[in-house]
Amino acid sequence: MAELDLDSILEFTIQLAREAGAMIKNGQERRFASGASEDQKLNSVDLVTEVDKDVEKFITEKIMAAYPDHKFIGEETYHGQELTDDPTWIADLRSPIDGTTNFVHGFPMVCTSIGLAVKGMPVVGVVYNPFLEQLFSAAKGRGACLNQGTTLPCTGDRPLASLGEALIIADFGSRRSNPQYKSKMDTMYIVGATPEIGGKMAHSVRILGSAALSICYVAAGMSDTYWEIGCWPWDVCAGICILHEAGGAAFGTKSRPLDGTVDKEMLMGRKYFVIRHISPTETETTFEAQQRLAKEFLDCTD
Ligand code: 2AM
Ligand code: CA
Ligand code: CA
């Protein structure tokens, strides 16, 4: 396969995400105007709308026309198969709106998230929220930015000594009935309401309802960490590319080596703890601080 031109792929992906985002926004206006609400439900809290289906068709057709030899991983084509080394687009093709529950309610944390992985590593990522007009984008080695102008992180050069100073994003997710959910809630409680990690309770815990946006807000430095169990690769691939390019780090479970590498297994693994760029101090590099805080957090999870 020919050498990939990441700059032109990034440009293509930004355009695609903007158009898909416009479809999502227009779709919501139509939907609210007509009162239509017959959504297919994967379960009572996992919704797929008509707008999802239109966007899905649009995204797949555009990518297939532009990059006919690339592969896809998304719900429709994803049957637990392995992610190969080949250029693979990772986007939610069954339900391309990320933050579908928010979308249904008119809560503006909604985006489309499109990533490309090569050799199992995210190399291009675009996350676009058409309601807040926030476009996060990155390609490997090119840095990450907001609205194609502001370099990420955009919140200054800040240290983070302990998770007691952190604004943490977590989420309920869509599977609410298994024991894992209970332990997830326990972890959120430990972090948010007890001084068990970092000696202090965290500044607070936020739930946004979109995994892709949550990771981008960490990349931007607007939040310090995001933790979720159950996300699919298409919820995180684009965001992880953006996070890495912004100097952030992503970790899997506590049983995985805390080396910050994102390989195929990690990308398909569904458990993620991501942390923003941290300014180095005299005693710790950026990565040492990220690793230490990730370990502190993951040690209080199952
Ligand atoms: P969705 O809006 O496309 O359903 C909420 O936790 C975030 O994680 C959303 O981005 C949601 O995507 C995604 N998500 C989807 N399935 C999930 C699952 N089984 N567990 C946790 N998060 C999930
Ligand atoms: Ca979705
Ligand atoms: Ca999703």
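These numbers were taken from a predicted model, which means no experiment stands behind them.

Colleague: Account for the UniProt feature "binding site: Mg(2+)" (unreviewed entry) in the protein, with residues named and values stated.
Modeller: Taking the UniProt record as the reference, the feature "binding site: Mg(2+)" (unreviewed entry) is found at Glu75, Asp92, Ile97, Asp98 and Asp235. Relative to the elements of secondary structure, Asp92 occurs in the loop between β4 (88-91) and β5 (97-98). Residue class for Asp92 comes out buried when judged on the 28 C-beta atoms lying within 10 Å of it. Within the fold, Asp235 resides in helix α6 (residues 233-245). Under the C-beta neighbour-count criterion, Asp235 is labelled buried, with 25 such atoms within 10 Å.

Colleague: Account for the domain arrangement of the protein, with residues named and values stated.
Modeller: Domain boundaries in the protein define domain 1 (6-148) and domain 2 (163-298). Here domain 1 and domain 2 have C-alpha centroids that lie 22 Å from each other. The interface of domain 1 with domain 2 comprises 39 residues on the first partner and 28 residues on the second. Among the secondary structure elements, those contributing two or more residues to the side of domain 1 that touches domain 2 are β4, α3 (100-105), β6 (111-118), β7 (121-129), β8 (134-139) and β9 (144-146). In terms of residue count, the dominant contributor to the side of domain 1 that touches domain 2 is β7 (eight residues). Here the residues of the side of domain 1 that touches domain 2 sort into 21 nonpolar, twelve polar and six charged.

Colleague: Tell me about the site of ligand 1, and please be specific about residues and values.
Modeller: In the neighbourhood of ligand 1, 19 residues make up the surrounding shell, with Thr100, Asp171, Gly173, Ala211 and Gly230 lying closest. Taken together, the residues of the shell around ligand 1 sort by class into three nonpolar, nine polar and seven charged. Looking at which domains feed residues into the shell around ligand 1, each of domain 1 (6-148) and domain 2 (163-298) gives three or more.

Colleague: With reference to specific residues and values, describe the packing of helix α1 (residues 6-34) against helix α2 (residues 50-66).
Modeller: Packing of α1 against α2 brings their axes to within 10 Å, and their N-to-C directions diverge by 160°. Between α1 and α2, the angle falls in the class roughly antiparallel. Crossing angle aside, the handedness with which α1 passes α2 is right-handed. Here Phe12, Leu16, Ala20, Met23, Ile24, Gly27 and Arg31 of α1 lie close against α2, whose contacting residues are Val51, Asp54, Val55, Phe58, Ile59, Lys62 and Ala66. A class-by-class count of the residues in the contact of α1 with α2 yields ten nonpolar, one polar and three charged.

Colleague: Please set out the pairing of strand β15 (residues 271-275) residue by residue, giving values where relevant.
Modeller: Most of β15 sits inside the fold, with four of its five residues counted as buried. Pairing of strand β13 (residues 225-229) with β15 involves five bridges; the strand directions are antiparallel. When the bridges of β15 are listed, Trp227 appears paired with Phe273. Looking at chain direction, strand β14 (residues 249-251) and β15 are connected through three bridges and run antiparallel. Bridging from a neighbouring strand, Phe251 pairs with Phe273 of β15.

Colleague: Give a description of the pairing of strand β11 (residues 167-170) that names residues and reports values.
Modeller: Here β11 pairs with strand β12 (residues 204-207) via four bridges, running parallel. If you follow Leu167 over to β12, its bridge partner there is Ser204. The handedness of the β11 to β12 crossover, carried by helix α4 (residues 179-193), is right-handed. Inspection of the sheet shows β11 paired to β13 by two bridges, in the parallel sense. Each residue of the ladder has a partner; that of Ile168, found in β13, is Thr225.

Here is what the cut-offs are and how they apply
Residues numbered from 1 in each chain as written. Chains lettered and ligands numbered in written order. Predicted model: local features only at pLDDT ≥ 70, side-chain atom pairs only at ≥ 80, totals over all residues. UniProt positions renumbered as here; feature names shortened; annotations may be inferred. Helix = DSSP H or I, 4+ residues; strand = E, 2+ residues; numbered from the N terminus. Buried ≥ 20, exposed ≤ 12 C-beta atoms within 10 Å, placed from the backbone. Domains from an automatic or database assignment. Contact = placed C-beta atoms within 7 Å. Nonpolar A, V, L, I, M, F, W, Y, C, P; charged D, E, K, R; others polar. Near = placed C-beta within 6 Å. Axes fitted to C-alpha atoms, helices over the stretch in contact; angles between N-to-C directions. Parallel < 35°, antiparallel > 145°, perpendicular 65-115°, else oblique. Left-handed = near helix turned anticlockwise from the far one by under 90°. Pairing = 2+ DSSP bridges. Right-handed = clockwise from strand over helix to strand, strands pointing away.

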